[in-house]
Amino acid sequence: MEFDVNEIFKGLGFVIGGVIVTVFPYVKKWIDDKKSGNRFDENIKARNEIKNILDEIRIRCMATRVNIMDYHNGKESILGIPFNYVSMFSESCDRMYRSIIKDIQQQPIEPAVPLLIKLLSSEAKYIYTHENDQNESIAVFQKSYGCSSSYTFMMSNNIAGGSLVISYASPPKRMLTTNEILWVKSQIMHINNLRSKIKKHR
């Protein structure tokens, strides 16, 4: 009995191809699930490091709360005008005060606009505001967050990069020194590196 080698290889090809077609989706799903799990793990680790940095800033600056605010787009109006929002990305809060991170999610950006305009005009890339600010809108905004005063730092060269806020429930015992402000800015650089990891591992 003679065997046609070409036919044998052809048959094997069909069998192997069928196996690959059948098994590949399951293998791909297993790999994707593993990658997704790893990405989530890396995401959580980076967020934890950011939280630790915010804790350190709060303690060193003797603040009530330190948080990161992000600004983003929402849906558009019928005329095509975008609705912009502000959300709190991360927060470190003194145990004597209530956390507000759940409250500050996708809030209209309008109340914060006067403060952000003032921040944009600051060559130092940070501003100090308080509840008795000459700008009434800033004063009202300050009180709405339950703090008497705060330092707001730009986290990049534009507002889109977010801002870091150091808040005080009552007037601080002293203003931050130049060295402390420089230190906060160095911590912001570290936070930005961690945030880029979160973006990478989303």
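Note: the structure precedes this text.
Scope of this entry: the structure provided in the associated data block. Computed from a predicted structure; not experimentally measured. (Residues numbered from 1 in each chain as written. Predicted model: local features only at pLDDT ≥ 70, side-chain atom pairs only at ≥ 80, totals over all residues. Heavy atoms only, no water.)

1. Looking at the overall build of the protein
Move 1: Helices and strands together make up the secondary structure of the protein, namely four helices and six strands.
Move 2: Traced from its N-terminal end to its C-terminal end, the protein shows the element sequence α-β-β-β-α-β-α-β-β-α.
Move 3: The buried share of the protein, reckoned over its 202 residues, is 37%.
Move 4: Sequence separation of at least 24 residues holds for 52% of the intrachain contacts in the protein that already meet a minimum separation of 6. (Helix = DSSP H or I, 4+ residues; strand = E, 2+ residues; numbered from the N terminus. Buried < 20%, exposed > 50% of the residue type's maximum accessible area, 1.4 Å probe, protein only. Contact = heavy atoms within 4.5 Å.)

2. A short note on the pairing of strand β1 (residues 65-76)
Move 1: Looking at chain direction, β1 and strand β2 (residues 82-93) are connected through 10 bridges and run antiparallel. Opposite N73, over in β2, you have N84 as the bridge partner.
Move 2: Hairpin connection between β1 and β2: a loop of five residues separates the two successive antiparallel strands, and G80 in this loop has a positive phi of roughly 90°.
Move 3: Judged from the five bridges that link them, β1 and strand β6 (residues 163-168) form a sheet pairing that is antiparallel. For M69, the partnering residue across the bridge sits in β6 and is S163. (Pairing = 2+ DSSP bridges.)

3. Some remarks on the sheet that holds strand β5 (residues 149-154)
Move 1: Spatially, the six strands line up as an open sheet ordered β3-β2-β1-β6-β5-β4, and their pairing is antiparallel. Single-partner strands in this sheet number two, and they are β3 (107-108) and β4 (126-130).
Move 2: With five bridges joining them, β4 and β5 adopt antiparallel strand pairing. If you follow H130 over to β5, its bridge partner there is S149.
Move 3: Sitting on the sheet, helix α3 (residues 136-144) is in contact with β4 and β5, with an inclination near 80° to β4. (Axes fitted to C-alpha atoms, helices over the stretch in contact; angles between N-to-C directions.)

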